[in-house]
Every structure is written in C-alpha cells, then in structure tokens.
Amino acid sequence: MPQAPLRALAEQLHHAWLHCDPIAPLTDTHPGLTLAQAYQIQQLLIQLRLQSSGARVIGKKIGVTSQAVMDMLQVHQPDFGVLTSDMVVANGASLATDHLIAPKAEGEIAFLLKRELAGPGVTSADVLAATELVLPCFEIVDSRIRDWKIRIADTVADNASCGCLVIGDQGADPRRMDFGLTGMVLEQNGRVAATGAGAAALGHPAQAVAWLANTLGGLGSGLLAGEIVLSGSLAAMVPVVPGDHLHLGLSGIGSASISFH
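Residues numbered from 1 in each chain as written. Predicted model: local features only at pLDDT ≥ 70, side-chain atom pairs only at ≥ 80, totals over all residues. Heavy atoms only, no water.

Participant: Just checking my understanding: could you explain the pairing of strand β9 (residues 191–197) for this structure?
Facilitator: Regular strands have side chains that alternate between both faces of the sheet. For strand β8 (residues 183–188) and β9, the ladder comprises six bridges, and the chain directions are antiparallel. Bridging across to β9, Q188 finds its partner in R191. Count of turn residues in the β8/β9 antiparallel hairpin: two residues, of which N189 carries a positive phi of about 55°. (Pairing = 2+ DSSP bridges. Helix = DSSP H or I, 4+ residues; strand = E, 2+ residues; numbered from the N terminus.)

What follows is the structure, given as structure tokens:
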C-alpha cells in the first residue's frame, strides 16, 4: 500500500479519536492491510496526536499477551502501542466516558524503567535489573473501530486500542517479587469482576517486557530510562459505564482505583 493511503487511514483514526466517532474496520475497507503497514499507520497516528495535543511519549503498552486473545485475533505474538502524557489519569480520579467510545478496563502490572532496554538478546533478568519499580495499573482500552470488530491489523493501527491509564500510588521492587504468585483482584462497584495472576502475561510480565525490548531492537529503537511499560492484561477486559467505580489490588505491589461519570 502506498504511503498516501496509510496517512489517510491514520487521519481517519485520529479524527475518530478527536471526535469519539468510530470508523469501520480498516481490514474491511483495505483487506490487504499487513501488520507492518498497521505499525506504520500507528506511527503516523501518534505523530498526529502529539502535534494536536502537545503531549509527549512516556512509554509503551503491550497487548495480546494471553492465549485466548491470540486465538481470537489469529496471531501468535503480542502487539504494542505508544503511551502519551495526555493518557494518564490520576489514581482515584473520576473519568468522563464521553471522551471515550467503548471503554473497557484491564488490570496490569506496570514497569517503571531506570535504564534503557534494547534488543536483541534482552532477557527477563535484564528487564528486572533495569526496572526501578513495578506498579499496579489500570489500562482503559478503547477502540476507534466500530463495535470492537477488530483484527490484529486494526488494533495495531489504532495504537493497540489504547485509551488511558491509571497508575497506583504504591510500588514494589521487582527483584523481590514472585510474579507467578502475584494475584490480581479487580472489583467493579464492590463486586469481584475479574481475577488473575502475573503469569497471565506471557507466563511472566518481565518476559512480556523482554519481548517488547527485543521487538523494538529489531526496528532500530528501544525502551528508555524513565519510561513506563504496561506488561499486559492479567484477566479479561471489563466493560465500564458512567457510575462505575473500579478498584484493583495486586498482592505484594499495591492498588489503584478509578470512577467513571
């Protein structure tokens, strides 16, 4: 696909984000769209968002880390998107859903890096050594594709369906954690809506971050000191509506909360 149509598709996604007006799946309107082209669209989309908002890049998110989602999207590896400063919502805040299209919440472990990570050859041990803290995190995913009718190229082009994120106030030293035993409980309006464990993210959340560092290394870039990396959902997505209150607890790490209006 020539460069001009890729930019046009990025502009459509940017318009959908600005106006909360979803569009048809790109893979319906452009059936030949490849994963490589989808990442090019993502890069163009991020450029447009940064230009229009004045925000800056603060990290990355990893998606499609569970086997169930890989099977749904018919892929065999995760994907990634870019986090920007205007996506951050304060812990405990109330978020207006009219700025989103079809939001769903995911409970995740966030990695705050103190050193750069770039592949090839990055291991889980390298990730742990390069991490300042792990923190509890809500990712509020949202799709600019109508009715969440996505294939892998659709979600990649749409910045891995990222909406916003909430980082908890507490954190933990990852080198003292047994992530396989790190339990997650996500409560919605006082009732348990989802449970999971650290092993849900590619078997180990640091392995997910290592995958990202190695993937970015193959593209000539990497993860920077000070960046935040969301390592992938630990359970199924939880749809949210105005009036909902969510609380996330991660054993040995901390908690986070968010409300919607």
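Participant: Where do I start with the pattern of salt bridges in this structure?
Facilitator: All chains considered together, the criterion is met by five salt bridges. A salt bridge links K61 to E139; the nearest nitrogen and oxygen atoms lie 2.8 Å apart. Taken together, the residues span a long stretch of sequence, with K61 in strand β1 (residues 57–63) and E139 in strand β6 (residues 131–141) at a distance of 78 residues. The pair K61 / E139 is uniform in exposure class, with both members buried. Note that R175 is salt-bridged to D173, the shortest N-O span being 3.1 Å. We classify D173 as partly exposed; its relative accessible area is 25%. One network of salt bridges, in which partners are shared, links D173, R175 and R176. (Salt bridge = Lys/Arg side-chain N within 4 Å of Asp/Glu carboxyl O. Buried < 20%, exposed > 50% of the residue type's maximum accessible area, 1.4 Å probe, protein only.)

Participant: Looking at this model, I keep getting lost on the nonpolar core. Mind explaining?
Facilitator: The biggest cluster of nonpolar side chains holds 83 residues, and the ones touching the most others in it are L26, I41, F111, L117, F138, L223 and I258. In terms of residue count, helix α7 (residues 205–218) provides more of this core than any other element does, eight residues in total. Beyond its immediate chain neighbours, meaning those up to four positions away, L26 contacts L9, L13, L33, I41, I145, D154 and A157. (Core = buried A, V, L, I, M, F, W, Y, C linked by side-chain atoms within 4.5 Å. Contact = heavy atoms within 4.5 Å.)

Participant: How do you make sense of the pairing of strand β10 (residues 228–233) when you look at a structure like this?
Facilitator: For β10, the buried fraction is high: six of the six residues fall into the buried class. Where β1 and β10 come together, three bridges link them in parallel fashion. The residue bridging K61 from the neighbouring strand is L230, located in β10. Pairing of strand β5 (residues 104–113) with β10 involves four bridges; the strand directions are antiparallel. Bridge pairing in β10 places F111 opposite V229.

Participant: Is there a simple way to think about the packing of aromatic side chains in this case?
Facilitator: The description of two aromatic rings rests on the distance between their centres and on the angle between their planes. Scanning all chains against the criterion turns up two aromatic pairs. With a centroid separation of 4.6 Å and 20° between ring planes, the pair formed by Y39 and F80 is classed as stacked. Placement of Y39 in helix α3 (residues 35–53) and of F80 in strand β2 (residues 79–84) is noted, with a sequence separation of 41 residues between them. Neither residue differs from the other here; Y39 and F80 are each classed as buried. Ring geometry for F111 versus F179: centroids 6.1 Å apart, planes at 25°, classification stacked. A residue pair is termed long-range when its members are at least 10 positions apart, and F111 in strand β5 and F179 in the loop between β7 (162–167) and β8 qualify at 68 residues. (Phe/Tyr/Trp six-rings, centres within 6.5 Å; stacked < 30°, edge-to-face > 60°.)

Nothing here speaks to function; it is geometry throughout.
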